[in-house]
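One letter stands for each residue in the lines below.
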Amino acid sequence: MSVLLVAGSPTDHSRSSALLDRVQQSLRKRLTERQQAIHRLRIRDLSPQALLLADWGHPSVVRAIDQVASAQALVIATPVYKAAYSGVLKVFLDILPQTALKGKVVLPLATGGSPHHMLALDYALRPVLQSLGAQHILPGVYATDAQIPKSEDGQYQIGDEIAARLDDAVELLVREGLRHAPSGVFAPVPFAAVQVSV
C-alpha cells in the first residue's frame, strides 16, 4: 500500500509533523514489509517561487505531483491559521491537477491553538479535497497545542488520547486503502482482533 504523508506546515519542526511521525509509526506496525511503501512530502522543501507562480515544470513541483499521483492513500497534516489550513498547503493543493486525488483515500490531520479551530478540517480542507476527486475522505483528527506539549528537550509529545485517535484513524486508512487497492496487488491485513472507533 503506497501512502504519502504530506507535511503542510511552513516550519521544519511542528506539531502537525509530530502527528505525521506517529502515523508513520502506526502504519509500519500495521502493514507487512511487502505492503509498506510510505513516503513523505514536506511542502516547505519545494521551491517557494515555483509554488507561488504555479510553475508546473519546476523539478520540485513535478516530483511532488508525481508523488501524489503514485500514492494510493494520503495523510495530509496542517496547522490551522486564521480558521483555515496553512497557506503553503493551500498553494500546493492549488497547483495539483483537478483529478489529482481521484481514487485515493485521504486522512486529514490538523493542529491548532484551541478546540474552536476543529471545524477547519470539515469546512475548509474537506471541500478542497473533495474538489480534487478524493474517493474517500476519512474522519479527520484534530489536536490542540495542549494535547501535543513540548518536552524539555524540545521534542513534541503526542498525548495518549490523540495517540489512540491516530491509531484508530490509521486502522481505518489501512482497511480502506487495501479495500480500494487494485485487485491482487496486496493481501489484506487481518483486523479480527481490532476494534475501530470513528
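Conventions used here
Counting from 1, residues in each chain are numbered in the order their sequence is written. In view of the model being predicted, local features appear only for residues whose pLDDT reaches at least 70, and side-chain atom pairs are presented and counted only at 80 or more, with totals across whole chains, interfaces and linings using the full set of residues. Note: side-chain values were computed over all heavy atoms of the structure, leaving out hydrogens and water. A run of H or I in DSSP becomes a helix once it reaches four residues, and a run of E becomes a strand once it reaches two; helices and strands are each numbered from the N terminus. Only C-alpha atoms enter the radius of gyration; for comparison, a globular chain is expected to reach 2.2 Å times N to the power 0.38, where N is the number of residues. Whether two residues are in contact is decided by their heavy atoms, any of which lying within 4.5 Å being enough. Per-residue and other accessible areas follow the Shrake-Rupley method at a 1.4 Å probe size, with only the shown protein chains counted as cover for residues. When charges are counted, Lys and Arg contribute as positive and Asp and Glu as negative, whereas His and the chain ends are disregarded. To locate a charge, take atom NZ for lysine, CZ for arginine, CG for aspartate or CD for glutamate. Relative accessibility thresholds used throughout: buried, under 20% of the residue-type maximum; exposed, over 50%; partly exposed, between the two (1.4 Å probe, protein chains only). Any two strands are treated as partners once DSSP identifies two or more bridges connecting them. Crossover handedness is defined here as right-handed if the route from the first strand over the helix to the second strand goes clockwise, with the strands pointing away from the viewer. Definitions used for this entry: grid spacing 1 Å over protein atoms alone; cavity, a set of points where a 1.4 Å probe fits but cannot get out; pocket, an open set with protein on both sides within 12 Å along at least 5 of 7 lines; lining residue, one with an atom within 4 Å of a point. Grid points are joined across faces, edges and corners, and a volume is the space filled by probe spheres set on the points. We call Asp, Glu, Lys and Arg charged. Ala, Val, Leu, Ile, Met, Phe, Trp, Tyr, Cys and Pro are nonpolar, and the rest, Gly among them, are polar. A helix is expected to reach a length of 1.5 Å times the quantity of its residues less one. Here, a salt bridge means any Lys or Arg side-chain nitrogen found within 4 Å of an Asp or Glu carboxyl oxygen.

Peer 1: I would appreciate a short explanation of the overall build of the chain in the present structure.
Peer 2: From N to C terminus, the chain includes six helices and seven strands. Ordered by position from the N terminus, the helices and strands of the chain form the series β-α-β-α-α-β-β-α-β-α-β-β-α. Its C-alpha radius of gyration of 16 Å places the chain within 12% of the 16 Å reference for a compact globule of 198 residues. By its C-alpha atoms, the chain is 50 × 40 × 30 Å across when sized along the principal axes. Excluding contacts between residues fewer than 6 apart, the proportion of contacts in the chain whose partners are at least 24 apart in sequence is 78%. Accessible surface computed for the chain: about 9,700 Å², of which carbon and sulfur atoms make up 54%. Charged side chains in the chain number 19 positive and 17 negative. The centres of these two groups are separated by 4 Å.

Peer 1: Can you help me understand the pairing of strand β1 (residues 2-7) in this one?
Peer 2: Within β1, six of the six residues are buried, which leaves it mostly tucked inside the rest of the structure. With burial as the criterion, each face of β1 is covered, one bearing Ser2, Leu4 and Val6 and the other bearing Val3, Leu5 and Ala7. In this sheet, strand β2 (residues 37-42) lies alongside β1 in parallel orientation, the contact comprising six bridges. Residue Leu5 lies in a different strand from β2, and its bridge partner there is Arg40. Where the polypeptide runs from β1 across helix α1 (residues 15-30) and back to β2, its parallel neighbour, the crossover connection is right-handed.

Peer 1: Sorry, what's going on with the layout of surface pockets here?
Peer 2: Picture a little ball the size of a water molecule; that probe, rolled over the atoms, points out where space is still empty. Quantified by volume, the largest pocket comes out at close to 210 Å³. Taken together, 13 residues make up the lining of the largest pocket; nearest its centre are Ser17, Ala18, Asp21, Gln155 and Tyr156. Top contributing element to the lining of the largest pocket by residue count: α1, with five residues. Residue composition of the lining of the largest pocket, grouped by class: three nonpolar, six polar and four charged.

Peer 1: Can you walk me through helix α5 (residues 120-131) in this structure?
Peer 2: For α5, which comprises twelve residues, the first-to-last C-alpha distance of 16 Å matches the rise-based estimate of 16 Å (1.5 Å per residue) to within 8%. Regarding α5, the residues found buried are Ala120, Leu121, Ala124, Leu125, Arg126, Val128 and Leu129. Among the structural elements, β3 (73-81), β4 (84-85), α4 (87-95), β5 (105-112), β6 (136-137) and β7 (141-144) are those in contact with the buried residues of α5. Once α5 ends, the next one or two residues include Gly133, with phi positive near 90°.

Peer 1: Please explain the pattern of salt bridges as it appears in this structure.
Peer 2: Think of it this way: side chains of opposite charge can pair up when their charged atoms draw near. In this structure the tally under the stated criterion is eight salt bridges. Salt-bridge contacts for Asp45 lead to Arg42; the nearest nitrogen and oxygen are separated by 2.8 Å. One salt bridge connects Asp94 with Lys90, and the closest N-O pair in it is separated by 3.1 Å. With Asp94 and Lys90 both in helix α4 and four residues apart, the pair spans about one turn of that helix. Note on Asp94: relative accessible area 47%, which makes it partly exposed. With a relative accessible area of 36%, Lys90 lands in the partly exposed category. Among the ionic contacts, a cluster of salt bridges with common partners joins Asp12, Arg42 and Asp45.

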